[in-house]
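Observations on the three-dimensional arrangement
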Amino acid sequence: MIQELALLHIRPGQTAEFETAFAGAQRIIASMKGYVRHELQRCLEDDHKYALLVWWDTLEDHTEGFRGSAEYQEWRSLLHHFYDPFPTVEHYARVLP
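Below is a summary of the structure that appears in this document. Computed from a predicted model, the values in this text were never measured in an experiment.

What counts as what
Residues numbered from 1 in each chain as written. Predicted model: local features only at pLDDT ≥ 70, side-chain atom pairs only at ≥ 80, totals over all residues. Heavy atoms only, no water. Salt bridge = Lys/Arg side-chain N within 4 Å of Asp/Glu carboxyl O. Helix = DSSP H or I, 4+ residues; strand = E, 2+ residues; numbered from the N terminus. Buried < 20%, exposed > 50% of the residue type's maximum accessible area, 1.4 Å probe, protein only. Pairing = 2+ DSSP bridges. Axes fitted to C-alpha atoms, helices over the stretch in contact; angles between N-to-C directions.

So, about the pattern of salt bridges. Summed over the entire model, instances satisfying the criterion amount to five salt bridges. Glutamate 74 serves as the salt-bridge partner of arginine 27, at 2.7 Å between the closest nitrogen and oxygen. One end of the pair, arginine 27, is in helix α1 (residues 15–30); the other, glutamate 74, is in helix α3 (residues 70–79), and 47 residues separate them in sequence. We classify arginine 27 as partly exposed; its relative accessible area is 49%.

Next up, the structure:
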């Protein structure tokens, strides 16, 4: 299992709209092959920053399956206009429990 970490910077004044859009969009990612679970967390020091954590069975489930899907295009249209700059996305594997 791998963990995707996306650091999201939301345009000022749009956090409420982003959270509403994300609440609807999360059904998309949750329906994808290899999806395990996700969390959206807001930064305590800067309320325009979020961390999106998504657990996938494999790296390819995210990078090829989700990102190469028609569902990703819908995800993109619902959420990407909130980001400035575009998110940094990295993948992690557990080292210690």
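What follows concerns the sheet that holds strand β1 (residues 2–9). Read from one edge to the other, the open sheet built from four strands follows the order β2-β3-β1-β4, with strand pairing classed as antiparallel. Both edges of this open sheet fall to β2 (35–42) and β4 (88–93), since each of them pairs with a single strand only. Adjacent strand axes in the sheet meet at a mean angle of 20° when their direction is disregarded. In this sheet, strand β3 (residues 49–56) lies alongside β1 in antiparallel orientation, the contact comprising eight bridges. Note that in β3 the partner of leucine 8 across the bridge is tyrosine 50.

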